[in-house]
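Residue strings, one per chain:
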Amino acid sequence: MTAETTTSPQDDRIPLAAMAGIVATVTVFALAQGLTYPLLSFILERQGTTPGLIGLSAAMTPLGFIISAPFIPALAGRVGAARFATLCSALAASTLVAIAWTQEVWAWMPLRFLLGFFANPLYVISETWLITITPASRRGRVMGLYSSIVSAGFAIGPLSLGMAGTEGWPPFLVGIVAFLLCGLIVLAVVPRLPKMPQEGQATSVGGFFALAPLLLFAVFAAAAFEQILLSLFAVYGAALGSAEERIASLITCFIAGNAVLQILLGHAAEKFGSTRTMLFCAMASLAGCLLLPLMFGSWLIWPLVLVWGGVSFGIYTMSLIQLGERFTGQALIAGNAAFAFIWGIGGIAGSPATGLAMQLIGYQGLPLSLGLLCCVLIVLLLADRWRS
(Lines give C-alpha, C1' and ligand atoms only; values in the text may rest on other atoms or scores of the structure.)
Protein backbone atom coordinates (compact mmCIF):
# COMPACT_ATOMS: atom_id res chain seq x y z
CA MET A 1 0.00 0.00 0.00
CA THR A 2 2.30 2.69 -1.30
CA ALA A 3 0.18 5.67 -0.32
CA GLU A 4 0.20 4.73 3.33
CA THR A 5 2.92 6.29 5.43
CA THR A 6 3.68 7.64 8.85
CA THR A 7 4.73 11.25 9.09
CA SER A 8 7.73 12.29 11.18
CA PRO A 9 8.04 16.07 11.46
CA GLN A 10 11.49 17.38 12.27
CA ASP A 11 10.17 19.37 15.22
CA ASP A 12 7.05 19.94 17.26
CA ARG A 13 6.52 23.55 16.34
CA ILE A 14 3.10 24.50 15.03
CA PRO A 15 2.68 27.55 12.74
CA LEU A 16 0.16 29.23 15.03
CA ALA A 17 -0.93 31.95 12.59
CA ALA A 18 -1.78 29.39 9.92
CA MET A 19 -3.53 27.14 12.42
CA ALA A 20 -5.58 30.04 13.81
CA GLY A 21 -6.60 31.08 10.30
CA ILE A 22 -7.61 27.55 9.31
CA VAL A 23 -9.63 26.95 12.48
CA ALA A 24 -11.26 30.39 12.29
CA THR A 25 -12.27 29.75 8.69
CA VAL A 26 -13.99 26.45 9.33
CA THR A 27 -15.55 27.68 12.62
CA VAL A 28 -17.22 30.64 10.93
CA PHE A 29 -18.34 28.29 8.17
CA ALA A 30 -19.78 25.86 10.76
CA LEU A 31 -21.71 28.76 12.31
CA ALA A 32 -23.25 29.55 8.93
CA GLN A 33 -24.15 25.89 8.35
CA GLY A 34 -25.59 25.52 11.85
CA LEU A 35 -27.79 28.56 11.24
CA THR A 36 -29.20 27.55 7.86
CA TYR A 37 -30.65 24.15 8.82
CA PRO A 38 -33.07 25.34 11.55
CA LEU A 39 -33.74 28.70 9.86
CA LEU A 40 -34.96 27.17 6.61
CA SER A 41 -36.98 24.53 8.48
CA PHE A 42 -38.73 27.25 10.53
CA ILE A 43 -39.59 29.19 7.38
CA LEU A 44 -40.92 26.12 5.57
CA GLU A 45 -42.99 25.13 8.59
CA ARG A 46 -44.58 28.60 8.70
CA GLN A 47 -45.45 28.20 5.02
CA GLY A 48 -47.34 25.00 5.83
CA THR A 49 -44.86 22.67 4.10
CA THR A 50 -45.27 18.98 4.99
CA PRO A 51 -42.63 17.38 7.25
CA GLY A 52 -41.63 14.98 4.48
CA LEU A 53 -40.95 17.83 2.08
CA ILE A 54 -39.03 19.74 4.76
CA GLY A 55 -36.85 16.66 5.28
CA LEU A 56 -36.31 16.26 1.54
CA SER A 57 -35.29 19.91 1.29
CA ALA A 58 -32.80 19.50 4.15
CA ALA A 59 -31.30 16.43 2.45
CA MET A 60 -30.23 18.53 -0.53
CA THR A 61 -27.27 20.03 1.35
CA PRO A 62 -25.60 16.70 2.26
CA LEU A 63 -26.39 15.55 -1.29
CA GLY A 64 -24.29 18.51 -2.47
CA PHE A 65 -21.52 17.29 -0.17
CA ILE A 66 -21.65 13.85 -1.76
CA ILE A 67 -21.64 15.03 -5.37
CA SER A 68 -18.90 17.63 -4.89
CA ALA A 69 -16.46 15.40 -3.01
CA PRO A 70 -14.93 13.54 -6.00
CA PHE A 71 -14.08 16.82 -7.75
CA ILE A 72 -12.31 18.54 -4.85
CA PRO A 73 -8.77 17.03 -5.12
CA ALA A 74 -8.43 17.85 -8.82
CA LEU A 75 -9.96 21.34 -8.53
CA ALA A 76 -7.83 22.23 -5.50
CA GLY A 77 -4.71 21.16 -7.38
CA ARG A 78 -5.64 22.96 -10.58
CA VAL A 79 -7.04 26.23 -9.18
CA GLY A 80 -4.96 26.39 -6.01
CA ALA A 81 -6.36 25.52 -2.59
CA ALA A 82 -6.54 29.05 -1.19
CA ARG A 83 -8.07 30.47 -4.37
CA PHE A 84 -10.52 27.58 -4.55
CA ALA A 85 -11.58 28.04 -0.90
CA THR A 86 -12.06 31.78 -1.40
CA LEU A 87 -14.13 31.20 -4.53
CA CYS A 88 -16.30 28.64 -2.75
CA SER A 89 -16.90 31.06 0.13
CA ALA A 90 -18.15 33.71 -2.30
CA LEU A 91 -20.33 31.20 -4.19
CA ALA A 92 -21.84 29.87 -0.94
CA ALA A 93 -22.66 33.43 0.15
CA SER A 94 -24.25 34.14 -3.25
CA THR A 95 -26.32 30.96 -3.01
CA LEU A 96 -27.59 31.99 0.42
CA VAL A 97 -28.57 35.38 -1.06
CA ALA A 98 -30.61 33.52 -3.70
CA ILE A 99 -32.24 31.35 -1.02
CA ALA A 100 -33.23 34.44 0.98
CA TRP A 101 -34.57 36.09 -2.19
CA THR A 102 -36.78 33.21 -3.38
CA GLN A 103 -38.42 31.87 -0.16
CA GLU A 104 -40.02 28.98 -2.06
CA VAL A 105 -39.56 25.29 -1.28
CA TRP A 106 -39.11 24.01 -4.85
CA ALA A 107 -36.63 26.75 -5.74
CA TRP A 108 -34.74 25.90 -2.54
CA MET A 109 -34.14 22.31 -3.62
CA PRO A 110 -31.42 23.07 -6.21
CA LEU A 111 -30.17 26.06 -4.21
CA ARG A 112 -29.63 23.98 -1.06
CA PHE A 113 -27.86 21.40 -3.20
CA LEU A 114 -25.54 24.16 -4.49
CA LEU A 115 -24.99 25.39 -0.93
CA GLY A 116 -23.65 21.96 0.03
CA PHE A 117 -21.69 21.68 -3.21
CA PHE A 118 -19.88 25.00 -2.64
CA ALA A 119 -19.49 24.62 1.13
CA ASN A 120 -17.98 21.13 1.18
CA PRO A 121 -14.55 22.16 -0.23
CA LEU A 122 -14.09 24.50 2.74
CA TYR A 123 -14.22 21.51 5.08
CA VAL A 124 -11.99 19.30 2.96
CA ILE A 125 -9.32 21.91 2.26
CA SER A 126 -9.25 23.20 5.85
CA GLU A 127 -8.85 19.73 7.34
CA THR A 128 -6.12 18.86 4.84
CA TRP A 129 -4.25 22.07 5.68
CA LEU A 130 -4.54 21.41 9.41
CA ILE A 131 -3.35 17.80 9.21
CA THR A 132 -0.45 18.88 6.98
CA ILE A 133 0.92 21.49 9.43
CA THR A 134 0.36 19.49 12.64
CA PRO A 135 3.33 17.55 14.09
CA ALA A 136 2.60 13.89 14.75
CA SER A 137 3.36 14.25 18.47
CA ARG A 138 0.58 16.84 18.86
CA ARG A 139 -1.91 15.59 16.30
CA GLY A 140 -4.35 14.20 18.87
CA ARG A 141 -4.68 17.41 20.86
CA VAL A 142 -4.77 19.65 17.79
CA MET A 143 -7.44 17.62 15.99
CA GLY A 144 -9.38 17.35 19.24
CA LEU A 145 -9.24 21.13 19.60
CA TYR A 146 -10.31 21.52 15.99
CA SER A 147 -13.30 19.21 16.46
CA SER A 148 -14.32 21.02 19.65
CA ILE A 149 -14.20 24.46 18.07
CA VAL A 150 -16.08 23.35 14.95
CA SER A 151 -18.78 21.73 17.10
CA ALA A 152 -19.07 24.92 19.10
CA GLY A 153 -19.40 26.94 15.90
CA PHE A 154 -22.13 24.63 14.66
CA ALA A 155 -23.98 24.99 17.99
CA ILE A 156 -23.71 28.80 17.97
CA GLY A 157 -25.49 28.94 14.60
CA PRO A 158 -28.97 28.07 15.95
CA LEU A 159 -28.39 30.25 19.02
CA SER A 160 -27.79 33.27 16.78
CA LEU A 161 -31.39 32.97 15.60
CA GLY A 162 -32.42 34.10 19.08
CA MET A 163 -30.87 37.49 18.31
CA ALA A 164 -31.49 37.78 14.58
CA GLY A 165 -34.92 36.13 14.55
CA THR A 166 -36.22 33.85 11.81
CA GLU A 167 -38.05 36.37 9.61
CA GLY A 168 -36.84 38.64 6.85
CA TRP A 169 -33.25 39.28 5.82
CA PRO A 170 -31.47 39.63 9.22
CA PRO A 171 -30.87 35.89 9.88
CA PHE A 172 -29.78 35.35 6.27
CA LEU A 173 -27.37 38.28 6.54
CA VAL A 174 -25.68 36.54 9.49
CA GLY A 175 -25.00 33.50 7.30
CA ILE A 176 -24.01 35.53 4.24
CA VAL A 177 -21.51 37.60 6.24
CA ALA A 178 -20.15 34.43 7.84
CA PHE A 179 -19.48 32.83 4.44
CA LEU A 180 -17.81 36.00 3.15
CA LEU A 181 -15.73 36.19 6.33
CA CYS A 182 -14.44 32.67 5.57
CA GLY A 183 -12.99 33.92 2.29
CA LEU A 184 -11.49 37.03 3.90
CA ILE A 185 -9.77 34.96 6.60
CA VAL A 186 -8.27 32.68 3.95
CA LEU A 187 -6.99 35.70 2.01
CA ALA A 188 -5.49 37.16 5.19
CA VAL A 189 -3.42 34.05 5.99
CA VAL A 190 -2.60 32.90 2.43
CA PRO A 191 1.19 33.44 2.82
CA ARG A 192 1.23 31.18 5.87
CA LEU A 193 -0.91 28.36 4.49
CA PRO A 194 0.73 25.15 3.27
CA LYS A 195 0.37 24.05 -0.32
CA MET A 196 -1.92 21.19 -1.10
CA PRO A 197 0.04 17.92 -0.94
CA GLN A 198 1.41 16.99 -4.38
CA GLU A 199 3.71 14.08 -3.58
CA GLY A 200 2.74 10.46 -4.06
CA GLN A 201 0.72 8.74 -6.74
CA ALA A 202 -2.55 10.50 -7.60
CA THR A 203 -5.41 8.94 -5.64
CA SER A 204 -9.08 9.46 -6.47
CA VAL A 205 -11.87 9.54 -3.93
CA GLY A 206 -13.07 6.18 -5.27
CA GLY A 207 -9.57 4.76 -5.09
CA PHE A 208 -9.29 5.75 -1.43
CA PHE A 209 -12.15 3.39 -0.55
CA ALA A 210 -9.85 0.44 -1.26
CA LEU A 211 -7.09 1.93 0.93
CA ALA A 212 -9.09 2.50 4.13
CA PRO A 213 -12.56 0.87 4.13
CA LEU A 214 -12.69 0.53 7.93
CA LEU A 215 -11.73 4.16 8.42
CA LEU A 216 -14.51 5.23 6.09
CA PHE A 217 -17.04 3.04 7.86
CA ALA A 218 -16.08 4.75 11.12
CA VAL A 219 -16.86 8.12 9.50
CA PHE A 220 -20.18 6.72 8.25
CA ALA A 221 -21.03 5.51 11.76
CA ALA A 222 -20.19 8.87 13.35
CA ALA A 223 -22.23 10.81 10.76
CA ALA A 224 -25.23 8.49 10.96
CA PHE A 225 -25.14 8.49 14.77
CA GLU A 226 -25.19 12.29 14.97
CA GLN A 227 -27.87 12.81 12.32
CA ILE A 228 -30.10 10.06 13.71
CA LEU A 229 -30.05 11.51 17.20
CA LEU A 230 -30.49 15.13 16.11
CA SER A 231 -33.39 14.34 13.78
CA LEU A 232 -35.26 11.66 15.75
CA PHE A 233 -34.51 12.23 19.44
CA ALA A 234 -37.53 14.55 19.62
CA VAL A 235 -39.76 11.67 18.43
CA TYR A 236 -38.20 9.33 21.01
CA GLY A 237 -38.67 11.84 23.84
CA ALA A 238 -42.25 12.63 22.84
CA ALA A 239 -43.11 8.92 22.89
CA LEU A 240 -41.93 8.84 26.49
CA GLY A 241 -44.02 11.89 27.39
CA SER A 242 -41.13 14.32 27.78
CA ALA A 243 -41.76 18.05 27.29
CA GLU A 244 -40.39 19.71 24.15
CA GLU A 245 -38.26 22.09 26.24
CA ARG A 246 -36.59 19.16 28.02
CA ILE A 247 -35.93 17.33 24.75
CA ALA A 248 -34.43 20.46 23.18
CA SER A 249 -32.20 20.94 26.23
CA LEU A 250 -31.02 17.33 26.03
CA ILE A 251 -30.12 17.78 22.35
CA THR A 252 -28.17 20.91 23.28
CA CYS A 253 -26.41 18.89 25.98
CA PHE A 254 -25.53 16.24 23.39
CA ILE A 255 -24.00 18.89 21.10
CA ALA A 256 -22.14 20.39 24.07
CA GLY A 257 -20.60 16.97 24.69
CA ASN A 258 -19.32 17.03 21.11
CA ALA A 259 -17.55 20.29 21.84
CA VAL A 260 -16.14 19.82 25.34
CA LEU A 261 -14.74 16.28 25.23
CA GLN A 262 -12.75 16.23 21.97
CA ILE A 263 -9.54 17.71 23.43
CA LEU A 264 -9.57 15.10 26.20
CA LEU A 265 -10.13 12.33 23.66
CA GLY A 266 -7.37 13.74 21.46
CA HIS A 267 -4.97 13.63 24.40
CA ALA A 268 -6.03 10.02 25.05
CA ALA A 269 -5.26 9.20 21.40
CA GLU A 270 -1.71 10.49 21.85
CA LYS A 271 -1.24 8.41 25.00
CA PHE A 272 -3.03 5.17 24.11
CA GLY A 273 -3.22 5.32 20.30
CA SER A 274 -6.03 6.49 18.05
CA THR A 275 -7.25 2.96 17.26
CA ARG A 276 -7.68 2.01 20.92
CA THR A 277 -9.36 5.35 21.63
CA MET A 278 -11.74 4.86 18.72
CA LEU A 279 -12.62 1.42 20.08
CA PHE A 280 -13.26 2.99 23.49
CA CYS A 281 -15.50 5.64 21.88
CA ALA A 282 -17.50 2.98 20.04
CA MET A 283 -17.93 0.89 23.22
CA ALA A 284 -18.90 3.94 25.28
CA SER A 285 -21.42 4.93 22.58
CA LEU A 286 -22.90 1.43 22.74
CA ALA A 287 -23.14 1.71 26.53
CA GLY A 288 -25.05 4.96 26.06
CA CYS A 289 -27.53 3.18 23.78
CA LEU A 290 -28.12 0.51 26.43
CA LEU A 291 -28.46 3.00 29.29
CA LEU A 292 -30.71 5.51 27.49
CA PRO A 293 -34.04 3.71 28.15
CA LEU A 294 -33.09 3.12 31.79
CA MET A 295 -31.99 6.68 32.59
CA PHE A 296 -34.23 8.81 30.37
CA GLY A 297 -36.61 9.71 33.20
CA SER A 298 -33.95 10.48 35.83
CA TRP A 299 -31.41 13.28 36.33
CA LEU A 300 -28.68 10.86 35.22
CA ILE A 301 -29.78 11.40 31.63
CA TRP A 302 -27.95 14.76 31.58
CA PRO A 303 -24.39 13.49 32.22
CA LEU A 304 -25.18 10.44 30.07
CA VAL A 305 -26.16 12.55 27.05
CA LEU A 306 -23.18 14.88 27.55
CA VAL A 307 -20.69 12.00 27.49
CA TRP A 308 -22.66 10.23 24.76
CA GLY A 309 -22.32 13.25 22.50
CA GLY A 310 -18.58 13.47 23.14
CA VAL A 311 -17.70 9.82 22.54
CA SER A 312 -19.94 9.39 19.48
CA PHE A 313 -18.37 12.41 17.75
CA GLY A 314 -15.00 11.23 19.05
CA ILE A 315 -15.22 8.41 16.49
CA TYR A 316 -14.88 11.05 13.76
CA THR A 317 -12.07 12.85 15.60
CA MET A 318 -10.15 9.57 15.85
CA SER A 319 -10.76 9.00 12.13
CA LEU A 320 -9.16 12.36 11.33
CA ILE A 321 -6.18 11.54 13.53
CA GLN A 322 -5.72 8.17 11.84
CA LEU A 323 -5.98 9.79 8.43
CA GLY A 324 -3.04 12.03 9.33
CA GLU A 325 -1.10 9.12 10.83
CA ARG A 326 -1.48 6.82 7.85
CA PHE A 327 -1.57 8.99 4.74
CA THR A 328 0.38 11.82 3.17
CA GLY A 329 0.53 13.53 -0.21
CA GLN A 330 -2.33 13.30 -2.65
CA ALA A 331 -3.80 10.36 -0.72
CA LEU A 332 -4.38 12.75 2.20
CA ILE A 333 -6.59 15.19 0.30
CA ALA A 334 -8.36 12.28 -1.43
CA GLY A 335 -9.01 10.82 2.02
CA ASN A 336 -10.46 14.08 3.33
CA ALA A 337 -12.73 14.30 0.27
CA ALA A 338 -13.77 10.66 0.82
CA PHE A 339 -14.57 11.53 4.45
CA ALA A 340 -16.89 14.32 3.24
CA PHE A 341 -18.52 11.94 0.74
CA ILE A 342 -19.17 9.30 3.39
CA TRP A 343 -20.34 11.89 5.94
CA GLY A 344 -23.01 12.93 3.45
CA ILE A 345 -24.02 9.30 2.86
CA GLY A 346 -24.28 8.68 6.61
CA GLY A 347 -26.30 11.86 7.09
CA ILE A 348 -28.79 10.92 4.39
CA ALA A 349 -29.09 7.16 5.05
CA GLY A 350 -29.14 7.00 8.85
CA SER A 351 -32.30 8.93 9.71
CA PRO A 352 -34.71 7.28 7.21
CA ALA A 353 -33.53 3.79 8.17
CA THR A 354 -33.94 4.49 11.88
CA GLY A 355 -37.28 6.20 11.29
CA LEU A 356 -38.49 3.04 9.55
CA ALA A 357 -37.22 0.93 12.46
CA MET A 358 -39.13 3.14 14.93
CA GLN A 359 -42.25 2.83 12.79
CA LEU A 360 -41.98 -0.97 12.76
CA ILE A 361 -40.92 -1.74 16.35
CA GLY A 362 -41.73 1.42 18.30
CA TYR A 363 -39.72 4.26 19.82
CA GLN A 364 -37.03 1.90 21.15
CA GLY A 365 -35.97 1.49 17.55
CA LEU A 366 -33.83 4.59 18.11
CA PRO A 367 -31.40 3.18 20.70
CA LEU A 368 -31.54 -0.24 19.02
CA SER A 369 -30.53 1.21 15.64
CA LEU A 370 -27.75 3.28 17.17
CA GLY A 371 -26.58 0.29 19.19
CA LEU A 372 -26.48 -1.92 16.10
CA LEU A 373 -24.35 0.68 14.34
CA CYS A 374 -21.92 0.73 17.27
CA CYS A 375 -21.81 -3.07 17.43
CA VAL A 376 -20.85 -3.37 13.77
CA LEU A 377 -18.05 -0.83 14.23
CA ILE A 378 -16.78 -2.58 17.36
CA VAL A 379 -16.71 -5.98 15.63
CA LEU A 380 -14.84 -4.54 12.64
CA LEU A 381 -12.31 -2.75 14.86
CA LEU A 382 -11.67 -5.90 16.93
CA ALA A 383 -11.35 -8.02 13.78
CA ASP A 384 -8.85 -5.55 12.36
CA ARG A 385 -6.78 -5.62 15.56
CA TRP A 386 -6.87 -9.42 15.56
CA ARG A 387 -5.62 -9.56 11.94
CA SER A 388 -2.77 -7.16 12.66
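Residues numbered from 1 in each chain as written. Predicted model: local features only at pLDDT ≥ 70, side-chain atom pairs only at ≥ 80, totals over all residues. Heavy atoms only, no water.

Any details on the overall build of the protein chain? Residues and values, ideally.
Along the protein chain, the regular secondary structure elements total 15 helices and zero strands. Scaling as 2.2 N^0.38, a compact globule of 388 residues should have a C-alpha radius of gyration of about 21 Å, and the protein chain matches this with 20 Å. Counting only C-alpha atoms and orienting by the principal axes, one finds that the protein chain spans roughly 60 × 50 × 30 Å. Looking at the protein chain as a whole, 53% of its 388 residues are labelled buried. Expressed as a percentage of contacts within the protein chain between residues at least 6 apart in sequence, the contacts between residues at least 24 apart total 86%. Put simply, the protein chain shows about 16,400 Å² of open surface, and 69% of that area lies on carbon and sulfur atoms. In the protein chain, 16 positive and 14 negative side-chain charges are present, and the distance between their average locations comes to 9 Å. (Helix = DSSP H or I, 4+ residues; strand = E, 2+ residues; numbered from the N terminus. Rg over C-alpha atoms; globule rule 2.2 N^0.38 Å. Buried < 20%, exposed > 50% of the residue type's maximum accessible area, 1.4 Å probe, protein only. Contact = heavy atoms within 4.5 Å. Areas by Shrake-Rupley, 256 points an atom, 1.4 Å probe, with all protein chains shown as cover. Lys, Arg positive; Asp, Glu negative; His and termini not counted. Charge placed at Lys NZ, Arg CZ, Asp CG, Glu CD.)

So, a nonpolar patch on the surface: which residues are in play, and what are the values?
Together, Val-97, Trp-101, Trp-169 and Leu-173 give the surface a local cluster of nonpolar side chains, amounting to about 430 Å² of exposed area. Inspection of the secondary structure puts Val-97 in helix H4 (residues 81–102). (Patch = residues over 30% accessible without salt bridge, like charges linked within 9 Å, V, L, I, M, F, W, Y side chains within 5 Å. Salt bridge = Lys/Arg side-chain N within 4 Å of Asp/Glu carboxyl O.)

I'd like a rundown of unusual backbone geometry, residues and numbers included.
Both trends apply: most residues other than glycine have a negative phi, and most peptide bonds are in trans. Residues other than glycine seldom take positive phi values, yet Gln-103 does so here, at roughly 55°. When you line up the elements, Gln-103 lands in the loop between H4 and helix H5 (105–133).

Describe the packing of helix H6 (residues 139–164) against helix H13 (residues 301–326), listing the residues and the values that go with them.
Relative to each other, H6 and H13 sit at 135°, their axes nearing to 10 Å. With respect to H13, the axis of H6 lies oblique. The way H6 lies across H13 gives a crossing that is right-handed. Where H6 abuts H13, its residues Arg-139, Gly-140, Met-143, Gly-144, Tyr-146, Ser-147 and Ser-151 lie against Phe-313, Thr-317, Leu-320, Ile-321, Gly-324 and Glu-325. (Axes fitted to C-alpha atoms, helices over the stretch in contact; angles between N-to-C directions. Parallel < 35°, antiparallel > 145°, perpendicular 65-115°, else oblique. Left-handed = near helix turned anticlockwise from the far one by under 90°.)

Which residues make up the side chain of Gln-262, and what are the values?
Looking at the secondary structure, you find Gln-262 in helix H11 (residues 262–272). Overall, Gln-262 belongs to the buried group, its relative accessible area being 0%. At a separation of 3.1 Å, a polar atom in the side chain of Gln-262 contacts the main-chain carbonyl oxygen of Asn-258. Those residues within four positions of Gln-262 in sequence are excluded, and the remaining contacts are Gly-144, Ser-147, Ser-148, Gly-257, Gly-310, Phe-313, Gly-314 and Thr-317. (Polar contact = N/O pair within 3.5 Å; in protein donor to acceptor, adjacent residues only side chain to side chain.)

Hey, could you go over the environment of Val-376 for me, with residue numbers and the actual values?
In this structure, Val-376 sits in helix H15 (residues 365–387). Residues Val-376 and Ala-282, spaced 94 residues apart in sequence, show a C-alpha to C-alpha distance of 9.5 Å.

Go over the packing of aromatic side chains with me, naming the residues and quoting the values.
Taken as a whole, this structure holds 15 aromatic pairs when the rule is applied. Centroid distance Phe-313 to Tyr-316: 5.9 Å. Interplanar angle 45°. Geometry classified as tilted. Separated by three residues within a single helix, Phe-313 and Tyr-316 lie in helix H13, roughly one turn from each other. Grouping residues by exposure puts Phe-313 and Tyr-316 together as buried. Joined through ring pairs, the aromatic side chains of Phe-313, Tyr-316, Phe-339 and Trp-343 make up one cluster. The ring of Phe-296 carries Arg-246 above its face, with NZ or CZ at 5.0 Å from the centroid. (Phe/Tyr/Trp six-rings, centres within 6.5 Å; stacked < 30°, edge-to-face > 60°. Lys NZ or Arg CZ within 6 Å of the ring centre and 35° of its normal.)

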